[in-house]
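Here's the letter readout for the chains.
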Amino acid sequence: MTDRAERTARRRRLYGEGDLAALPVFAGGFINFGYWRGVDLAGELTTEQRVASQEALYDLVLDALAPRPGDRVLEVGSGGGVGARRTLRHGPALVRGLDLEPEQVARATAANDDPRVAFTTGAAHDMPFPDASFDRLLSVEAAQHFEDVPGFAREGARVLVDGGRLAVTTFFATSAAAAPELVRLVRSFTSGLDLPHPVDEVLDHLRAAGLADVTATSIGEHVWPGLDRWLELGPHPNGWDRAYRRVADRGLLDYYLVTAGKPAGSGV
């Protein structure tokens with residue numbers, strides 16, 4: 001696997017200097033693999049279905065997070081800001097988006113016209129917010145990039161109020177033993193763009209940070225077939241790799257919805 005400096009440079013090229021969300025493989029300004037439940041995968045797929053799959057992934061996370069009217073919500077890895085703005089459907093008092101790349105923050109800020117939403121540059125392991133700033137925290141398909149998952153867990157617990165909730169969705173290695181095979185077989189892991197974090201270790205880090213009711217639910221059955229079908233039928237920017245479904249079918253990789261809560265009176 002490439003070293004940290006190389007990984008950082010590659011992510012900057014894709015997400016900062018470049019605009020990954022503009023590639024046809026994503027569409028709609030999102031950057032996620034999509035949640036394809038209920039989509040007929042037997043026929044042709046449309047760009048509208050692709051966009052809807054990405055919206056559905058956000059909605060799945062938001063349903064699990066259950067933000068309430070008046071809540072303060074943080075999205076970690078907010079990209080171009082379309083997901084943060086989708087959160088407004090739940091009536092929060094404010095939404096803040098945090099992204100490592102200043103160019104992404106600039107794009108999100110330029111596209112936003114709602115005073116409740118704002119975007120900030122910063123790292124998942126070093127969030128530029130005071131303690132207990134948020135009632136809800138979400139992260140959609142960003143944690144596979146995190147260099148410091150324990151740091152993210154600690155910071156997530158720190159910025160949440162007691163009784164606050166966290167929801168993360170992305171793809172993780174199914175075990176530590178699977179990680180080397182992912183690096184060998186999947187281009188994004190080989191290059192270091194994605195990191196093969198074992199899901200059990202992610203859950204352990206959240207618990208170690210003081211979060212409770214930590215769960216991981218596999219949603220891969222509604223991600224991998226649709227993504228693979230889209231990559232087969234749709235555009236293939238830069239020869240986009242179809243290895244994800246193959247390694248998922250081998251049990252090496254899966255897509256998860258991870259949830260956790262900060263106990264009342266925890267003092268974290």
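Above this text is the structure in question.
From a predicted model like this one, the values you see are computed outputs, not experimental measurements. (Residues numbered from 1 in each chain as written. Predicted model: local features only at pLDDT ≥ 70, side-chain atom pairs only at ≥ 80, totals over all residues. Heavy atoms only, no water.)

Side note on the side chain of Asp194
Line of reasoning, step 1. Positionally, Asp194 belongs in the loop between α7 (187-190) and α8 (199-208).
Line of reasoning, step 2. On the basis of relative accessibility, which here comes to 3%, the residue Asp194 falls in the buried class.
Line of reasoning, step 3. A distance of 3.4 Å separates the side chain of Asp194 from the side chain of His145, its partner in a polar contact.
Line of reasoning, step 4. If we ignore the near neighbours within four places in the chain, the residues touching Asp194 are Gln144, His145, Phe171, Ser188, Phe189 and Tyr244. (Helix = DSSP H or I, 4+ residues; strand = E, 2+ residues; numbered from the N terminus. Buried < 20%, exposed > 50% of the residue type's maximum accessible area, 1.4 Å probe, protein only. Polar contact = N/O pair within 3.5 Å; in protein donor to acceptor, adjacent residues only side chain to side chain. Contact = heavy atoms within 4.5 Å.)

Observations concerning helix α4 (residues 102-111)
Line of reasoning, step 1. Every buried residue of α4 is accounted for by Gln104, Val105 and Ala108. The buried residues of α4 occupy an angular sector of 100 degrees when projected down its axis, which confines them to one face. (Arc of directions from axis to C-beta.)

Let's talk about the pairing of strand β3 (residues 117-121)
Line of reasoning, step 1. For strand β2 (residues 94-99) and β3, the ladder comprises five bridges, and the chain directions are parallel. When the bridges of β3 are listed, Val95 appears paired with Val117. (Pairing = 2+ DSSP bridges.)

A short note on the packing of helix α5 (residues 149-159) against α8
Line of reasoning, step 1. The interhelical angle for the contact between α5 and α8, taken along N-to-C directions, is 40 degrees, at an axis separation of 8 Å. Here α5 and α8 pass one another in a crossing that is right-handed. Judged by residue contacts, Val149, Pro150 and Ala153 of α5 engage Val202, His205 and Leu206 from α8.
Line of reasoning, step 2. For the contact of α5 with α8, the residue count by class is five nonpolar, one polar and no charged. (Axes fitted to C-alpha atoms, helices over the stretch in contact; angles between N-to-C directions. Left-handed = near helix turned anticlockwise from the far one by under 90°. Nonpolar A, V, L, I, M, F, W, Y, C, P; charged D, E, K, R; others polar.)

Things to note about the packing of aromatic side chains
Line of reasoning, step 1. Applying the stated criterion across every chain yields a total of 14 aromatic pairs.
Line of reasoning, step 2. Between the aromatic rings of Phe171 and Trp224, the centroid separation amounts to 6.5 Å while the plane-to-plane angle is 65 degrees, which identifies the pairing as edge-to-face. In this pair, Phe171 is assigned in strand β5 (residues 160-173) and Trp224 in helix α9 (residues 224-233), connecting sequence segments 53 residues apart.
Line of reasoning, step 3. Of the residues examined, Phe171 reaches a relative accessible area of 1% and is grouped as buried.
Line of reasoning, step 4. Through pairs of rings, three or more aromatic residues link up here, namely Phe33, Phe171, Phe189, Trp224, Tyr244 and Tyr255. (Phe/Tyr/Trp six-rings, centres within 6.5 Å; stacked < 30°, edge-to-face > 60°.)

These results come straight from atomic positions and should not be treated as a statement about function.
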